[in-house]
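Geometric and topological summary
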Amino acid sequence: MTLEDDEVVHVEGAVAPGDVLFVCEHASNHFPDCFGTLGLSDDVRESHVAWDPGALALTRLLAQRFGSTLVAGGVSRLLYDCNRPPEAESAIPQRSEVFDIPGNVDLSSDARDARVQQIYVPFRAAVEQVLVLVEPKALVTVHSFTPVYHGAPRAVEIGVLHDRDTRLADGMLEALSDSEHDVQRNVPYGPEDGVTHSLQLYGLKNKVANVMLEVRNDLLRTEAQIAHMADVIEGALRAGLHTLADNSTTEEGL
């Protein structure tokens, strides 16, 4: 089974120095022919377990507004979750929420390694190459989440997630403190859930301020909703970047 790199990762926008690099790991529910359907129905392959609905459209709009580069995953996260390291069992899940993934059960170590080499390695290489060219002040990864998980409704509408580097998240959360939306820190997921791999690998490792955004996907179903959410996030992100600049100036003067 072979895949071209441009099938598993897409780079959009001018790859040039800029303030922000946007990453959307779960942008697509594409299943390349060489993998078949993993034994899943069309409904499951189109559901939130296979990708993050609305996330790519939101990220594209944000990237356009900031004149930034976007790196997006090109295949379903059920084949390989590019926000997980190869050693994580959840990188190639055998079950996602309430759905079994037959094509991922009892994979040999060679089969797992093949997925890593075909999907994760080119995605990681693309992000790392773009990081060098863009030299961003901030890395922003964008995701969406289901409003009902294991039968339980979720009240949170926007999650601002971080790992050890809280700078950008702090600035954004302050800007969103009077938002009409339910905004929470490290909800519906946090570092303890293993979701900050990209932040660690591309942000912390390179000393780039970073944040992961989670938006409830029922708020991303129409163009109007996506544009509204882009307005909300753009304002908060600009405020967060301004805070970063202020802190940098203060530190240089010490």
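Residues numbered from 1 in each chain as written. Predicted model: local features only at pLDDT ≥ 70, side-chain atom pairs only at ≥ 80, totals over all residues. Heavy atoms only, no water.

**Observations concerning the sheet that holds strand E1 (residues 9-12)**
Taken in spatial order, the seven strands line up as E1-E3-E2-E6-E11-E9-E10 in an open sheet, and their pairing is mixed. The strands lining the two open edges of the sheet, one partner per strand, are E1 and strand E10 (183-185). Shown here is a sheet whose adjacent strand axes are inclined to one another by a mean of 20°, direction ignored. Relative to E10, strand E9 (residues 158-161) runs parallel, the two being bridged by three bridges. Directly across from Val160, in E10, lies its bridge partner Arg185. Lying over the sheet, helix H5 (residues 167-175) contacts strand E6 (138-145), E9, E10 and strand E11 (209-216), oriented at roughly 45° with respect to E11. (Pairing = 2+ DSSP bridges. Helix = DSSP H or I, 4+ residues; strand = E, 2+ residues; numbered from the N terminus. Axes fitted to C-alpha atoms, helices over the stretch in contact; angles between N-to-C directions. Contact = heavy atoms within 4.5 Å.)

**Concerning a nonpolar patch on the surface**
On the surface, a cluster of nonpolar side chains totalling about 330 Å² of accessible area is made up of Val11, Val15, Val132 and Leu133. Residue placement: Val15 occurs in the loop between E1 and strand E2 (20-24). (Patch = residues over 30% accessible without salt bridge, like charges linked within 9 Å, V, L, I, M, F, W, Y side chains within 5 Å. Areas by Shrake-Rupley, 256 points an atom, 1.4 Å probe, with all protein chains shown as cover. Salt bridge = Lys/Arg side-chain N within 4 Å of Asp/Glu carboxyl O.)

**A short note on helix H3 (residues 55-66)**
Its 12 residues give H3 an end-to-end C-alpha distance of 16 Å, which sits within 8% of 16 Å, the value for a rise of 1.5 Å per residue. Burial in H3 covers these residues: Ala55, Leu56, Leu58, Thr59, Leu62, Ala63 and Phe66. Burial along H3 is one-sided: seen end-on, the buried residues are contained in an arc of 160°. Two residues or fewer past H3, Gly67 is found with a positive phi of approximately 60°. (Expected span 1.5 Å × (residues − 1). Buried < 20%, exposed > 50% of the residue type's maximum accessible area, 1.4 Å probe, protein only. Arc of directions from axis to C-beta.)

**What to know about the confidence of the model for the protein**
In the predicted model, the protein carries a mean pLDDT of 95, and the fraction of residues at 70 or more is 96%. Counted against residues more than four places away or in other chains, residues 249-254, with its pLDDT under 50, gives zero contacts. (pLDDT = per-residue confidence, 0-100.)

**Re the nonpolar core**
Ranked by internal contacts, the top residues of the largest apolar core, which has 38 residues, are Phe22, Leu58, Val140, Val160 and Met229. Elements that contribute at least two residues to this core include exactly E2, H3, strand E3 (69-73), E6, E9, H5, E11 and helix H7 (223-253). Beyond its immediate stretch of four places on either side in the chain, Leu58 contacts Val142, Val215, Leu220, Ile226, Met229, Ala230 and Ile233. Core analysis: the next-biggest nonpolar cluster, separate from the first, contains 34 residues, Leu79, Tyr120, Ala126 and Val127 among them. (Core = buried A, V, L, I, M, F, W, Y, C linked by side-chain atoms within 4.5 Å.)

**Quick notes on the packing of aromatic side chains**
In total, this model carries two aromatic pairs according to the counting rule given. Between the aromatic rings of Phe22 and Phe66, the centroid separation amounts to 5.9 Å while the plane-to-plane angle is 55°, which identifies the pairing as tilted. Taken together, the residues Phe22 in strand E2 and Phe66 in helix H3 connect sequence positions 44 residues apart. For the pair Phe22 and Phe66, a shared accessibility class is recorded, and that class is buried. The interplanar angle of 45° and the centroid separation of 5.3 Å between the aromatic rings of Tyr80 and Tyr120 together place this pair among those described as tilted. In this pair, Tyr80 is assigned in the loop between E3 and strand E4 (95-96) and Tyr120 in helix H4 (residues 109-134), connecting sequence segments 40 residues apart. Relative accessible area serves as the criterion here: at 3%, Tyr120 is assigned to the buried category. A cation sits over an aromatic face here: Arg45 above Phe31, 5.7 Å from the ring centre. The cationic tip of Arg238 hangs over the ring face of Phe66; the distance from NZ or CZ to the ring centre is 4.1 Å. (Phe/Tyr/Trp six-rings, centres within 6.5 Å; stacked < 30°, edge-to-face > 60°. Lys NZ or Arg CZ within 6 Å of the ring centre and 35° of its normal.)

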